[in-house]
Amino acid sequence: MKNFEKEINKRRTFGIVSHPDAGKTTLTEKLLLFGGAIQEAGAVKSNKIKKGATSDFMEIERQRGISVATSVLGFEYKDIKINILDTPGHKDFAEDTFRTLTAVDSVIVVVDVAKGVEEQTEKLVEVCRMRNIPMIVFINKLDREGKDAFELLDEIEQKLNLTVTPLSFPIGMGYDFKGIYNIWEKNVNLFTGDPRKDIEDTVEIDDLNTEELDELIGSEAANTLREEVELAQGVYPEFNQKAYREGNLQPVFFGSALNNFGVRELLDCFIEIAPTPRPKESDIREVKPDENQFTGFVFKIHANMDPKHRDRLAFIKIVSGKFERNKNYLHVRNGKKMKFSSPNAFFAEKKEIVDISYPGDIVGLHDTGNFKIGDTLTEGEELQYRGIPSFSPEYFRYINNADPMKSKQLSKGIDQLMDEGVAQLFTLELNGRKVIGTVGALQFEVIQYRLEHEYGAKCTYENLNVHKATWVEAENEKSEEFKDFKRVKSKFLAKDKQGQLVFLADSQFSLQMTQDKYPSIKFHFTSEF
Ligand code: G4P
């Protein structure tokens with residue numbers, strides 16, 4: 001066994017995804033409580049955008065402050081090193097979440113028992129499904145009236161396109177919620193409504209037919225449970241770890257995060273079944289975590305909250321080997337050797353300088369502008385991790401310089417904000433004008449505010465009618481067809497920051513017409529194809 005294989009096997013790096021309000025923050029906090037990483041409830045701040053309280057950008061600054069602290073929450077539980085990567089639920093930040101999902105080895109999906117599958121859950125689960133990320137579903141808020149368990153399982157299968165297998169089953173719900181039968185551990189947990197007491201109330205039940213069950217929860221509830229569990233076991237496939245790890249089967253747990261109920265069961269099962277750090281594809285080969293040479297990639301960049309210090313924190317997921325402090329590594333994109341004297345590791349809400357980190361870990365590196373999202377670090381091998389594509393933004397505006405004396409500051413600011421992944425920049429082929437594309441309308445305000453406060457530059461926006469940005473791939477760049485396309489559509493062509501050609505279609509109709517007219521040209525909705 002290699003000397004650090006034990007370290008790899010100890011690690012579980014995952015993300016929790018949900019529609020806002022389903023209970024992601026509450027669940028995260030309860031998991032941290034089990035790990036002893038925090039002492040009391042309320043310690044983890046929600047990174048939700050609260051509407052109405054303050055102006056939008058102040059709210060985003062608040063959120064940004066919190067999200068530095070909660071970007072990576074590490075803790076130990078039963079000798080397993082767990083890293084939870086934070087994923088914003090707000091739809092305007094969906095792209096941050098997509099990028100973070102490139103750094104997780106598995107995911108827990110939280111669903112509200114009353115609301116069922118919601119829009120953001122659908123989008124995020126689709127991304128996980130496309131990448132075969134193993135998922136566990138946690139149905140939350142069982143202390144409230146909600147949908148019937150079978151109805152929910154059905155809805156999850158249909159709307160999320162998953163194959164589920166319940167590993168726990170609720171006994172009643174809302175007012176009548178009595179507890180949970182843990183199919184995985186074969187025991188009953190009774191709900192007392194007292195968040196501190198649930199753990200003592202685990203009763204081992206090897207056989208659901210035992211009379212003890214009737215005594216515990218009453219004959220009616222006991223019989224209903226027997227019938228339902230039998231039905232569930234008849235309808236749903238048996239749990240199979242291989243299928244789960246390949247993304248083909250999703251176990252489901254029920255509980256109430258707020259009441260700390262069903263959370264320990266989830267965590268105990270999670271550390272048993274969830275994958276250790278997984279291999280990752282690069283442009284030249286698949287890289288395995290137990291390889292001796294270090295490799296890793298940047299999946300997130302966080303600007304310093306103090307505008308006077310413009311340094312940033314780049315979050316690196318370690319894919320293989322050991323990452324060591326003060327050792328020289330190759331920044332593959334720009335061919336530079338770099339070493340880092342103070343890499344940060346994350347424990348609960350604290351950062352600490354670490355000497356060695358292992359696959360699955362996230363390190364935060366101080367950066368003065370060398371990194372952008374997707375960059376790869378290695379010990380010398382020229383490989384690049386793929387899989388952090390840009391998606392077409394939803395909103396587009398021209399960005400203009402409002403202070404001619406500060407044009408340098410403006411371009412530097414725009415450059416760095418784009419590297420952080422705040423928005424995308426397109427430069428029009430025809431006249432060099434700059435267009436900013438964002439996922440949400442809020443980002444325009446953020447960019448304006450941050451340009452002014454961090455870079456001393458002022459900008460204004462101008463409306464521009466764009467429906468979608470599509471990345472252009474020509475079968476043959478020398479063909480008459482491609483030349484014709486470039487000439488006819490010159491007004492709508494731009495380059496993204498990587499220099500890739502992008503067609504900014506002004507309507508669905510014109511996109512369709514263009515596709516029909518130029519069949520040898522492909523129009524992609526993401527930058528990686
Ligand atoms: P999010 O991060 O997914 O957006 O959700 P969050 O944990 O912030 O939870 C959203 C709301 O749902 C919170 O109430 C939280 O207390 C509540 N909640 C979470 N889990 C449960 C549960 O198991 N049962 C019940 N009944 N409620 C639950 P809030 O009023 O919006 O916020 P707060 O004032 O309590 O913080």
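From a predicted model like this one, the values you see are computed outputs, not experimental measurements.

Colleague: Honestly, the side chain of D496 in this entry has me stumped. Any pointers?
Modeller: Counting through the fold element by element, D496 comes out in the loop between strand 29 (493–495) and strand 30 (501–505). Of the buried charged residues, D496 lacks a salt bridge, with K372 as the closest side chain of opposite charge at 8.2 Å. In this structure the side chain of D496 is engaged in a polar contact, spanning 2.9 Å, whose partner is the side chain of W471. Filtering out sequence-adjacent residues up to four positions away, D496 remains in contact with L425, F426, W471 and V502.

Colleague: Help me understand helix 11 (residues 407–420) in this model?
Modeller: In an α-helix, one full turn covers 3.6 residues, which means residues spaced three or four apart are oriented alike. Relative to the 20 Å expected for 14 residues at 1.5 Å per residue, helix 11 spans 20 Å between its end C-alpha atoms, a close match to the ideal helical length. Restricting attention to buried positions, one finds in helix 11 the residues L410, G413, I414, Q416, L417, M418, D419 and E420. Where helix 11 terminates, the next one or two residues include G421, which has phi positive at roughly 90°.

Colleague: For this particular structure, what's the right way to read the site of the ligand?
Modeller: Looking at the ligand, there are 17 residues lining it, with D21, K24, T25, T26 and S256 nearest. The backbone of G23 places a nitrogen or oxygen atom 2.9 Å from an oxygen atom of the ligand. Measuring from an oxygen atom of the ligand, one finds a side-chain N or O atom of T25 at 2.5 Å. When the ligand is considered free in solution it has 700 Å² of accessible area, and contact with the protein chains removes 68% of it. Here the shell around the ligand takes 3 residues from helix 2 (residues 24–34), the largest share from any one element. Along the lines of polarity and charge, the residues of the shell around the ligand split into 4 nonpolar, 7 polar and 6 charged.

Colleague: Honestly, the sheet that holds strand 7 (residues 168–171) in this entry has me stumped. Any pointers?
Modeller: As summarised here, the arrangement of the 4 strands in space is 7-8-9-10, forming an open sheet in which the pairing is antiparallel. For this open sheet the edge positions go to strand 7 and strand 10 (202–204), each flanked by a neighbour on one side alone. Each adjacent strand pair in this sheet contributes to an overall mean axis angle of 20°, direction not counted. Relative to strand 8 (residues 179–182), strand 7 runs antiparallel, the two sharing 4 bridges. What sits directly across from P170, in strand 8, is I180. Lying over the sheet, helix 8 (residues 219–235) contacts strand 7 and strand 8, oriented at roughly 150° with respect to strand 7.

Colleague: How should the pairing of strand 3 (residues 80–85) be read in this particular structure?
Modeller: Regular strands show a simple pattern: their side chains alternate between the two faces of the sheet. Counting buried positions along strand 3 gives 6 out of 6 residues, so the element sits mostly inside the fold. In strand 3, alternate side chains face the same way, and those of I80, I82 and I84 on one face and K81, N83 and L85 on the other are all buried. The sheet contact formed by strand 1 (residues 11–18) and strand 3 spans 5 bridges and is parallel. In the strand pairing of strand 3, G15 is matched with L85. As paired strands, strand 2 (residues 72–77) and strand 3 are joined by 6 bridges and run antiparallel to one another. Looking at the pairing, F75 lines up with I82 of strand 3.

Colleague: What is the right way to look at the pattern of salt bridges in this model?
Modeller: Oppositely charged side chains can form a pair if their charged atoms are brought close together. For the structure on display, the rule yields 35 salt bridges. Of the charged contacts in the structure, one is a salt bridge between D112 and K141, with a shortest N-O distance of 3.3 Å. Separated by 29 residues along the polypeptide, D112 in strand 4 (residues 106–112) and K141 in the loop between strand 5 (135–140) and helix 6 (149–160) bring together distant segments of the chain. There is no split in this pair, since D112 and K141 are both buried. Here the residues in one salt-bridge network are K78, E185, R264, E265 and D268, joined through shared partners.

Colleague: What's the story with the side chain of N140 in this structure? I'm lost.
Modeller: Structurally, N140 is set in strand 5. For N140, a relative accessible area of 3% corresponds to the buried category. Of note is the side chain of N140, whose polar atom sits 2.7 Å from the backbone nitrogen of A257. Discounting residues that sit within four places of it in the chain, N140 has contacts with A22, G23, V110, V111, D112, V113, G255, S256 and A257.

Colleague: Can you walk me through the packing of aromatic side chains in this structure?
Modeller: Under the definition given, this model contains 26 aromatic pairs. Ring centres of F98 and F391 lie 5.3 Å apart, and the angle between their planes is 55°; this geometry places the pair in the tilted category. Of this pair, F98 sits in helix 4 (residues 94–100) while F391 sits in the loop between strand 23 (376–378) and strand 24 (395–401), and the two are 293 residues apart along the sequence. Judged by its relative accessible area of 13%, F98 falls in the buried class. For the ring pair F396 and F426, a centre distance of 6.2 Å and an interplane angle of 40° mean the geometry is tilted. Within this pair, whereas F396 is found in strand 24, its partner F426 is found in strand 25 (residues 424–428), the two being separated by 30 residues in sequence.

Procedures and definitions
Residues numbered from 1 in each chain as written. Predicted model: local features only at pLDDT ≥ 70, side-chain atom pairs only at ≥ 80, totals over all residues. Heavy atoms only, no water. Helix = DSSP H or I, 4+ residues; strand = E, 2+ residues; numbered from the N terminus. Buried < 20%, exposed > 50% of the residue type's maximum accessible area, 1.4 Å probe, protein only. Lys, Arg positive; Asp, Glu negative; His and termini not counted. Salt bridge = Lys/Arg side-chain N within 4 Å of Asp/Glu carboxyl O. Polar contact = N/O pair within 3.5 Å; in protein donor to acceptor, adjacent residues only side chain to side chain. Contact = heavy atoms within 4.5 Å. Expected span 1.5 Å × (residues − 1). Near = heavy atom within 4 Å. Areas by Shrake-Rupley, 256 points an atom, 1.4 Å probe, with all protein chains shown as cover. Nonpolar A, V, L, I, M, F, W, Y, C, P; charged D, E, K, R; others polar. Pairing = 2+ DSSP bridges. Axes fitted to C-alpha atoms, helices over the stretch in contact; angles between N-to-C directions. Phe/Tyr/Trp six-rings, centres within 6.5 Å; stacked < 30°, edge-to-face > 60°.

Without other data, these values stay purely geometric and don't point to any function.
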